[in-house]
Amino acid sequence: MVMDLTPSSSVKLSDGHFMPVLGLGTYAPETVPKSKALEATKVAIDIGYRHIDAAYMYQNEEEMGQAIREKIAGGTVKRKDIFYTSKLWCTFLRPDLVGPALERSLKKLQLDYVDLYLIHMPVALKPGEELLPMDASGNVILETVDLLGTWEALEKCKDAGLTKSIGVSNFNHKQLEMILNKPGLKYKPVCNQVECHPYLNQSKLLDFCKSKDIVLVAYSALGSHRDPRWVAQDSPHLLQDPVLAAIAKKHNRTTGQVALRYQLQRGVVVLAKSFNEKRIKENFQIFDFKLTPEDMKAIDGMNRNFRYSVMEFAIGHPYYPFSEEY
Ligand code: NAP
């Protein structure tokens, strides 16, 4: 894989579709105007990004759709050139809510299909309009939904042509196994999108996924958005790490580029969020240098099983994914 990596490199998914190895992340804190997501996505498509990661929960699907449609109308890309991911939020995990949730995303996007639809988290919340429904004491209202039923509903979305591929996010290996062992399984999850960076390199989950032909997609690969809503503000700053800095200096690159390249060389599809043109470009310049085996080993050595997003609201749910080692 390392030798052949180019800006148009993709990985073949277990269902035969292809996923570009670098994707644009689009989550931003609520205080960031949604117009920034629109502009960044258009800039990214101009630069050459073909994989865009979004979600119903990010509340940016109107802007994502607009950016993609404008770039199609302007002749920069065709719909088939873009790989667009959306995600089923936790309040829609009941099987009867899955199809309508995807249809709602498509309506916001004004697109006919998404390329990939993921279960955003294995934890169900009380259905309704609130993203995080709360009781009178301010506790998020959890509920238990049989994820195998949710998965069957995703399979139906694929059969109906609403999405090309289906997968999961934030699943641990036992939860992946549960889906893989489902009686009558029609489609395997093509990927598991999880937090993954040098401080949480997910080596065991990666080995597991590789053994099952499931692509691991890395989020927060640059050390996360650090949105105070989700991330403790005293978390370490990944891109300031001296090990990454030394490797970056040696290659005349930035620590961000090294952190992204690291994932590509270990067979991980990587997401990079930026709404800043200079950094969107910088993050795309990772196909013209190579980390040595020694660099890779040194970065592997940075692992400290440190998670930026612990998803506190879901702690206590029987399917809370991060109590397992991997
Ligand atoms: P990230 O990609 O780790 O990093 C984003 C932060 O780094 C932003 O603050 C960005 O700021 C900055 N940045 C970007 N490029 C940089 C560079 N070259 N040098 C220095 N700083 C740089 O962020 P993330 O949002 O946590 O993860 C990426 C994407 O993964 C998300 O946007 C979302 O699509 C997805 N995600 C999924 C889940 C899930 O549960 N499935 C959870 C979290 C994230 P600027 O914008 O100012 O450049």
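Residues numbered from 1 in each chain as written. Predicted model: local features only at pLDDT ≥ 70, side-chain atom pairs only at ≥ 80, totals over all residues. Heavy atoms only, no water.

Asks: Teacher, can you tell me more about the overall build of the chain here?
Replies: Assigned secondary structure in the chain consists of 10 helices and 12 strands. The C-alpha radius of gyration of the chain comes to 19 Å, within 12% of the 20 Å expected for a compact globule of 326 residues. Seen through its principal axes, the chain has C-alpha atoms that stretch 55 × 45 × 40 Å. The buried share of the chain, reckoned over its 326 residues, is 58%. When contacts within the chain are restricted to residue pairs at least 6 apart in sequence, long-range pairs at least 24 apart make up 75% of them. When the accessible area of the chain is evaluated, it comes to approximately 13900 Å², of which 50% is carbon and sulfur surface. Separation between the mean location of the 41 positive side-chain charges and that of the 39 negative ones in the chain comes to 4 Å. (Helix = DSSP H or I, 4+ residues; strand = E, 2+ residues; numbered from the N terminus. Rg over C-alpha atoms; globule rule 2.2 N^0.38 Å. Buried < 20%, exposed > 50% of the residue type's maximum accessible area, 1.4 Å probe, protein only. Contact = heavy atoms within 4.5 Å. Areas by Shrake-Rupley, 256 points an atom, 1.4 Å probe, with all protein chains shown as cover. Lys, Arg positive; Asp, Glu negative; His and termini not counted. Charge placed at Lys NZ, Arg CZ, Asp CG, Glu CD.)

Asks: Would you mind showing me how to read helix 2 (residues 61-73) here?
Replies: Side chains three or four residues apart in an α-helix point the same way, a direct result of the helix having 3.6 residues per turn. Given a rise of 1.5 Å per residue, 13 residues ought to cover 18 Å, and the 18 Å separating the end C-alpha atoms of helix 2 matches this to within 8%. Those residues of helix 2 not exposed but buried are Glu 61, Glu 63, Met 64, Gly 65, Ala 67, Ile 68 and Lys 71. Where the residues of helix 2 are buried, they touch helix 1 (34-47), strand 4 (51-53), strand 5 (83-88) and helix 3 (95-109). Gly 75 sits one or two residues past helix 2 and shows a positive phi near 90°. (Expected span 1.5 Å × (residues − 1).)

Asks: How should the sheet that holds strand 4 be read in this particular structure?
Replies: Sheets are built from strands paired through backbone hydrogen bonds, the pairs being either parallel or antiparallel. Taking strand neighbours around the barrel as the criterion, the 8 strands line up as 3-4-5-6-9-10-11-12 in a closed arrangement whose pairing is parallel. Each adjacent strand pair in this sheet contributes to an overall mean axis angle of 30°, direction not counted. Of the strand pairs in this sheet, strand 11 (residues 215-219) and strand 12 (residues 269-273) are connected by 2 bridges, and their pairing is parallel. Paired with Val 217 across the strands is Val 269, a residue of strand 12. Those strands touched by helix 3 are strand 5, strand 6 (114-119) and strand 9 (163-169), and its axis lies near 135° from that of strand 6. (Pairing = 2+ DSSP bridges. Axes fitted to C-alpha atoms, helices over the stretch in contact; angles between N-to-C directions.)

Asks: Is there a simple way to explain the site of the ligand in this structure?
Replies: Around the ligand, the surrounding shell holds 28 residues, and the nearest of these are Asp 53, Ser 220, Lys 273, Ser 274 and Arg 279. Within the backbone of Gly 223, a nitrogen or oxygen atom sits 3.4 Å from an oxygen atom of the ligand. In the model, a nitrogen atom of the ligand is placed 2.8 Å from a nitrogen or oxygen of the Asn 283 side chain. Summarising the interface, the protein chains cover 86% of the accessible area of the ligand, which totals 910 Å² for the free molecule. Broken down by secondary-structure element, the contributors of at least two residues to the shell around the ligand are strand 12 and helix 9 (277-284). Grouping the amino acids of the shell around the ligand by side-chain chemistry returns 10 nonpolar, 13 polar and 5 charged. (Near = heavy atom within 4 Å. Polar contact = N/O pair within 3.5 Å; in protein donor to acceptor, adjacent residues only side chain to side chain. Nonpolar A, V, L, I, M, F, W, Y, C, P; charged D, E, K, R; others polar.)

So far we have only geometry, and geometry alone does not tell us how the molecule works.
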